[in-house]
Amino acid sequence: MKKITRDEFMQALRDYHPTLHAELYTNYRHWYYGDETLDAEFFSANGCAIAYSAYEYEGKFHITCYIHEVSDDCDFAEACRKCKKMTDTDCAAHENHTCDICLIHHGELSEELNKFLGFRKFVRMGEAFAPDPHVVPLTRENSEEIKKICDPSALESDTWFGKMEAESFFGWNFDWGDSQGIRFLGYRDESGKLLGIATWSSEDELNIAWLHDIFVSPEGRGRGIGKSLVRTAISHVPDRLWNYQAARDNAPSIALAKSCGFTFSGANLFVYAD
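Criteria and cut-off values
- Residues numbered from 1 in each chain as written.
- Predicted model: local features only at pLDDT ≥ 70, side-chain atom pairs only at ≥ 80, totals over all residues.
- Heavy atoms only, no water.
- Helix = DSSP H or I, 4+ residues; strand = E, 2+ residues; numbered from the N terminus.
- Buried < 20%, exposed > 50% of the residue type's maximum accessible area, 1.4 Å probe, protein only.
- Contact = heavy atoms within 4.5 Å.
- Areas by Shrake-Rupley, 256 points an atom, 1.4 Å probe, with all protein chains shown as cover.
- Phe/Tyr/Trp six-rings, centres within 6.5 Å; stacked < 30°, edge-to-face > 60°.
- Lys NZ or Arg CZ within 6 Å of the ring centre and 35° of its normal.
- Pairing = 2+ DSSP bridges.
- Right-handed = clockwise from strand over helix to strand, strands pointing away.
- Core = buried A, V, L, I, M, F, W, Y, C linked by side-chain atoms within 4.5 Å.

Moving on, we come to the overall build of the protein. Each helix and strand in the protein was counted, giving 10 helices and 12 strands. Residues counted as buried form 53% of the 274 residues belonging to the protein. Of all intrachain contacts in the protein linking residues separated by at least 6 positions in sequence, the fraction that spans at least 24 positions is 71%. When the accessible surface of the protein is split by element, carbon and sulfur atoms take 50% of a total near 13400 Å².

Let us now look at the packing of aromatic side chains. Applying the stated criterion across every chain, the model contains 4 aromatic pairs. Both rings, one in Phe122 and one in Phe264, keep their centres 6.0 Å apart while their planes meet at 70°; by these two values the pair is edge-to-face. Of this pair, Phe122 sits in strand E6 (residues 118–125) while Phe264 sits in strand E12 (residues 263–272), placing them 142 residues apart in sequence. On the accessibility criterion, Phe122 (2% relative accessible area) is buried. The partly exposed category is assigned to Phe264, whose relative accessible area is 33%. One cation-aromatic arrangement involves Arg183 over Trp200; the distance from NZ or CZ to the ring centre is 4.7 Å.

Here the focus is the pairing of strand E5 (residues 97–105). Burial analysis of E5 places 7 of its 9 residues in the buried class, the great majority of the element. The pairing of strand E4 (residues 60–69) with E5 spans 8 bridges and is parallel. Its bridge partner being in E5, His68 is matched across the sheet by Ile104. Following the chain from E4 across helix H3 (residues 76–93) to the adjacent parallel E5, one finds a crossover that is right-handed.

Formed by 26 residues in total, the largest nonpolar core has its most connected members in Leu211, Ile214, Leu229, Val230, Trp242 and Phe262. For this core, the secondary structure elements donating two or more residues are strand E8 (183–188), strand E9 (194–203), strand E10 (208–216), helix H9 (225–236), strand E11 (241–247) and helix H10 (251–259). Broken down by element, the residue count for this core peaks at 5 residues, all from H9. Within the second largest apolar cluster, 18 residues are counted, among which are Phe76, Ala79, Cys83 and Ile101.

Structure follows, in structure tokens:
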């Protein structure tokens with residue numbers, strides 16, 4: 001593998017498939033260039049761009065390897081074999097560790113990912129929808145109301161990813177939200193009761209926007225509330241390319257994305273290497 005600079009790594013993501021890599025490009029920039037910089041190494045191998053980080057946190061050694069497709073003739077299998085040698089070395093040196101490998105790609109291989117654990121990515125161009133008057137901005141002061149929306153979603157979900165998405169909502173949106181520019185929207189009925197929430201953000205440098213989380217209470221489902229939240233979010237920056245991702249087994253989330261005009265653009269596959 002050839003070691004490359006962060007700038008070379010980031011440029012490879014932008015040049016090859018900016019839609020597929022947009023979210024991780026934004027995260028790399030914040031996490032690796034931000035105030036709390038993680039130690040990371042960057043490599044190029046077999047048509048792939050690789051970000052490798054190994055660090056100790058809360059008494060455990062965390063190893064994370066992201067392998068991005070950045071060439072039409074990329075060879076994930078060979079790139080994985082080379083990365084596995086690095087992870088094996090770090091795993092052997094630290095008894096208490098976790099090790100995750102993530103493959104990010106599009107095209108024919110993305111269809112194969114539907115058989116495995118991972119996330120499906122969707123995109124659509126923005127549109128000047130008329131904002132729904134029932135959809136209003138929310139803040140941290142609405143956190144107790146928001147919890148009432150998220151908790152039933154976690155308890156009722158039959159899928160592991162569905163539960164994880166709901167349970168991690170506060171960690172992502174509240175703990176990381178300020179640095180990521182997360183905005184909150186809520187759907188209130190005529191009585192003012194909160195029936196649904198959505199979060200979104202935009203990225204000026206790549207001219208994209210992200211729809212992050214959507215939750216609708218059981219009593220609000222089947223009333224078009226999710227679609228109203230999505231369209232109102234899009235109406236805030238209608239000139240952007242909007243991105244959304246949903247877990248493979250989160251059928252309602254995928255159905256909502258498609259009903260709102262999003263199309264499949266690629267996938268992430270997570271390989272747990274322990």
